[in-house]
Every structure is written in structure tokens, then in C-alpha cells.
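# Observations on the model geometry
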Amino acid sequence: MDKKSDPEGIKFYSILALVLGAFGIWHIIDGWVPQARWLERYPEFPATWYDMGIYEFYAYNRWTGLLLSIGAIVCAALAAHGYWTVKRRDTFLDEVRQSRRRSKT
């Protein structure tokens, strides 16, 4: 009996990777690129790119951007793994069916 593949899980992780990636990029831009609208409200922009302070606006955006990006990478890896597992399983089952047909004839 053939097991059904689960494309819903693949779609879910693909969409989640895109959403997390978009929010991650947004936070990274807000955290590392000085913009006039934020410099007026939060004038103390970190001097170095690796300054990840604790309780400031830019540090929050930097940490959130990094965590969202890591989440997007993990979701993309899960989606890719699911896709290749389903594809490999289908290919393997096709090969088994063909070999059984050859052995029966």
C-alpha cells in the first residue's frame, strides 16, 4: 500500500520561511541601517555593527532580526527536507513497482 505524501507540511514550512524571512529582513534593516525617521526618535545609533546592547531600540531590532532569520533558515531547511523526502520516496516506490513488474513477466 502506498503512503500518501504530505504536501501540506511542505507548503506550511515554505510559507512560514517566507514570512519569517520578510520580518527578519525588516528588523535587520531597522537595526543596522540608520534611517532619519528612527534617528530623530532614537538618536544614539551604535558605533559598531556588532554592538548588540541590551535595552535599546537598535539592539532589539538586531536580535529580533537575527532570531527571525535563523527561524526562516530552519523552516526553509524543513521544507526542503520534506520536499526531497517525498520526491525520493516516490522515486523509490516507482523503482520497486517497475522491478516487480519486470520480475512477474
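Before reading on, note that the structure itself is shown above.
Residues numbered from 1 in each chain as written. Predicted model: local features only at pLDDT ≥ 70, side-chain atom pairs only at ≥ 80, totals over all residues. Heavy atoms only, no water.

Let us now look at the overall build of the protein chain. A count of helices and strands for the protein chain gives three helices and zero strands. Each helix and strand of the protein chain, ordered N terminal to C terminal, gives the series α-α-α. Counting only residues that meet the buried cut, the protein chain has 24% of its 105 residues in that class. A separation of at least 24 residues holds for 59% of the contacts in the protein chain among residues at least 6 apart in sequence. (Helix = DSSP H or I, 4+ residues; strand = E, 2+ residues; numbered from the N terminus. Buried < 20%, exposed > 50% of the residue type's maximum accessible area, 1.4 Å probe, protein only. Contact = heavy atoms within 4.5 Å.)

To continue, consider the packing of aromatic side chains. Inspection of the entire model under this criterion finds four aromatic pairs. Centre to centre, the rings of Phe 57 and Tyr 58 are 5.1 Å apart; their planes meet at 80°, and the pair counts as edge-to-face. Pairwise contacts between aromatic rings join Trp 38, Phe 57 and Tyr 58 into one cluster. (Phe/Tyr/Trp six-rings, centres within 6.5 Å; stacked < 30°, edge-to-face > 60°.)

Next up on the list: the side chain of Asp 30. Mapped onto the elements of the fold, Asp 30 is located in helix H1 (residues 7-32). Here the side chain of Asp 30 touches Trp 38 through a polar contact of 3.4 Å, side chain to side chain. Apart from the residues within four sequence positions on either side, Asp 30 is in contact with Gln 35, Arg 37, Trp 38, Phe 57, Tyr 58 and Asn 61. (Polar contact = N/O pair within 3.5 Å; in protein donor to acceptor, adjacent residues only side chain to side chain.)

In terms of nonpolar packing, the biggest core is built from five residues, these being Ala 17, Leu 20, Leu 68, Ala 72 and Cys 75. Per-element tally for this core: the top contributor is helix H3 (residues 57-104), with three residues. Sequence-distant contacts of Leu 20, defined by excluding residues within four places in its chain, comprise Leu 68, Gly 71, Ala 72 and Cys 75. (Core = buried A, V, L, I, M, F, W, Y, C linked by side-chain atoms within 4.5 Å.)

By the secondary structure assignment, Gln 35 is in the loop between H1 and helix H2 (36-41). Under the relative-accessibility criterion, Gln 35 is labelled buried at 18%.

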